[in-house]
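Report on the structure
Below, each chain spelled out in residue letters.
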Amino acid sequence: MTRQWLLQLEPDADRPVDPAMPHAVVAAMAGVLGPEPVRWSVQTADTMAAEILAQVPEHGGGPGPLATLRRSTESTVLTALRLLHAESSGGSAMLPDDALEGCREFARRGLRLDQVLRGVRLGHARLTKELTAAVERYVPADRRLTELRRVTEALFGYADTHASLMAEAYIAERDRWCGSDEEARRKIVDDLLAGRPVDAQAATRGLRYDVSRTHRAAVLWCADADTDADPPAAERLHHTAAALARVAETDGMLVIPAAENSVWLWLASGGALDLAERARAEIDRPAGVHIALGPPAHGTSGMRRSHHGAREAQRVARHGADNWLSDYREVRLVALATADPTHAQWFVHDLLGPLASNGTRVRELRETLRVYLAEERSLRAAAERLHVARNTVTYRIKRAQELLLPTSLTDSTLELRLALELAHSQFG
């Protein structure tokens, strides 16, 4: 016997659905529940992840940890739906693999067990609320109370089992991790990044990397969530790190695992500023790997400075097939201006007006104007850079000016260019 009302679950059409779990897993679940309930599950899991981050921000820390959390919540929701659909006992549930790996990562990142379990409780509370609303919507009134009772009991059993298995996995991973050399190296790096006093000679011995040099930090991560990909993410990341070290012609490299699909990298260098350009030209990038470079900086404080620059480059960069490497020096103005995202959004809409919208045609006009101003108002240079005719640039600039009113191209060029760069970072 199954709960057929679960097959009626539908996602919110106004919200995007972008699963963090591997596509093969999503497709397999869609074969059991149907595509719409799976899309509903992804949206519910995203809401769970957002609430967990708001209440326990230690679960976050960048795209890698966020992707891990999303995979964990998605697998939790899909497992719950599969159990409810088959009317299995929640207490007999096994912890989904993605939730198990997420728990191990929490232990390696130093989250406390109470923070991990609070995230579990928050997630299950949201899931119970969403399923309760679904019962009230899809189940006939004469069966609703009975079904609510059954769903609540099943979810309580599942949550209890989930929390117990998470605690067991966390403790086992913590005990393994705390006795490892990797944990000791991570602690030194955490102290450096937090600005805590560190003995440079002891840090150099512990990290097997000279912290007194000039450093170039990088964050490398895999955008795809497919943990079964060939080669696996860890192999692709370390291959790319080695390639970046080769291009930098460095004799010192430090690689620290940051999350399941992310690593932190430091290269001892003389501070060459053309590393991004050389990397783009010389590295044969493995599929799905992205790089964010920090600025050159010296000593232990420089390791922290360059790393935070790389994290900022990762935060604001738009990555695609042809734009997989971001250099802090190229995006630092946008990074500074978006420190307060809401204020930055207001600034863009105040300056650009209708030109700030996200339509394909408007993006084309906005990008042409951005390049035109970046090329010192040269129609020829803008046309060459955009690979279009000069007359096309002229026409687009005129149309962009019409949308800009009352802002004018004769107004503050600095403010207008900044607004265009911010819009480019957000929309393209």
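Cut-offs and rules
Residues numbered from 1 in each chain as written. Predicted model: local features only at pLDDT ≥ 70, side-chain atom pairs only at ≥ 80, totals over all residues. Heavy atoms only, no water. Core = buried A, V, L, I, M, F, W, Y, C linked by side-chain atoms within 4.5 Å. Buried < 20%, exposed > 50% of the residue type's maximum accessible area, 1.4 Å probe, protein only. Contact = heavy atoms within 4.5 Å. Helix = DSSP H or I, 4+ residues; strand = E, 2+ residues; numbered from the N terminus. Pairing = 2+ DSSP bridges. Arc of directions from axis to C-beta. Expected span 1.5 Å × (residues − 1). Axes fitted to C-alpha atoms, helices over the stretch in contact; angles between N-to-C directions. Parallel < 35°, antiparallel > 145°, perpendicular 65-115°, else oblique. Left-handed = near helix turned anticlockwise from the far one by under 90°. Nonpolar A, V, L, I, M, F, W, Y, C, P; charged D, E, K, R; others polar.

Some thoughts on the nonpolar core
The biggest cluster of nonpolar side chains holds 50 residues, and the ones touching the most others in it are Trp266, Leu352, Leu355 and Leu369. Look past the residues within four positions of Leu352 in its chain and what remains in contact with it is Arg366, Leu403, Leu404, Leu416, Ala419, Leu420 and Ala423. Ranked by size, the runner-up nonpolar core spans 28 residues in total, among them Met29, Leu131, Leu148 and Leu155.

A look at the pairing of strand E2 (residues 253–259)
Counting buried positions along E2 yields five of seven residues, so the element is predominantly enclosed. Here E2 pairs with strand E3 (residues 262–268) via six bridges, running antiparallel. Looking at E3, one finds that Pro257 is bridged to Val263. Counting the residues between successive antiparallel strands, the hairpin from E2 to E3 contains two residues.

Things to note about helix H12 (residues 328–337)
Within H12, the full set of buried residues consists of Tyr328, Val331, Val334 and Ala335. Along the axis of H12, the buried positions cluster into a sector of 125°, meaning they face one direction only.

Thoughts on the pairing of E3
With seven of seven residues buried, E3 lies mostly within the body of the structure. In E3, alternate side chains face the same way, and those of Ser262, Trp264, Trp266 and Ala268 on one face and Val263, Leu265 and Leu267 on the other are all buried. Bridging between strand E1 (residues 214–222) and E3 involves seven bridges; their strand directions are antiparallel. Bridging from a neighbouring strand, Ala217 pairs with Trp266 of E3.

What to know about helix H13 (residues 341–352)
The terminal C-alpha atoms of H13 lie 16 Å apart, and with 12 residues this matches the ideal 16 Å at 1.5 Å per residue to within 8%. By the burial criterion, the buried members of H13 are Ala344, Val348, Leu351 and Leu352. Buried residues in H13, looked at end-on, bunch into an arc of 80°, giving them a common side. Exposed residues pointing more than 90 degrees away from the buried face of H13 are listed as His343, Trp346 and Asp350. Downstream of H13 by a residue or two, Gly353 has a phi angle that is positive, lying close to 55°.

Comments concerning the side chain of Thr44
Within the element layout of this structure, Thr44 appears in helix H2 (residues 35–55). Overall, Thr44 belongs to the buried group, its relative accessible area being 4%. Setting aside its immediate chain neighbours within four residues, Thr44 contacts Val77, Leu127 and Glu130.

Observations regarding the environment of Leu113
Position of Leu113 relative to the elements: it lies in helix H5 (residues 113–138). The spatial distance from the C-alpha of Leu113 to the C-alpha of Cys103 is 9.5 Å, given a sequence separation of 10 residues. Apart from the residues lying within four places of it in its own chain, the contact partners of Leu113 are Ala167, Tyr170 and Ile171.

Observations regarding unusual backbone geometry
The phi angle at Glu376 is positive, at roughly 60°, despite the residue not being glycine. With respect to the helices and strands, the residue Glu376 is situated in the loop between helix H14 (360–374) and helix H15 (379–386). A residue is classified by how much of its surface remains accessible, and Glu376, at 65% relative accessible area, is exposed. The phi dihedral of Arg377 falls on the positive side, at around 65°, and the residue is not glycine. Counting through the fold element by element, Arg377 comes out in the loop between H14 and H15. Under the relative-accessibility criterion, Arg377 is labelled partly exposed at 36%.

Quick notes on the environment of Thr73
When you line up the elements, Thr73 lands in helix H3 (residues 63–85). Distance from Thr73 to Ala99, taken between C-alpha atoms, is 7.2 Å for residues 26 residues apart in sequence. Setting aside residues no more than four positions away along its own chain, Thr73 makes contact with Ala45, Met48, Ala49 and Ile52.

Remarks on the side chain of His162
Note on placement: His162 falls in helix H6 (residues 141–178). The exposure class assigned to His162 is buried, which follows from its relative accessible area of 5%. Non-local contacts of His162, meaning those with residues more than four positions away in its chain, are made with Thr76, Leu95, Ala99, Val120 and His124.

A few points about the packing of helix H1 (residues 23–33) against H2
At a minimum axis distance of 7 Å, the contact between H1 and H2 shows a crossing angle of 125°. Regarding the angle of H1 to H2, the classification is oblique. Helix-helix and strand crossings are classified by hand; for H1 and H2 the assignment is right-handed. Contacts between H1 and H2 involve Val26, Met29, Ala30 and Leu33 from the former and Pro35, Pro37 and Val38 from the latter. Residues of the contact of H1 with H2, tallied by class, amount to seven nonpolar, no polar and no charged.

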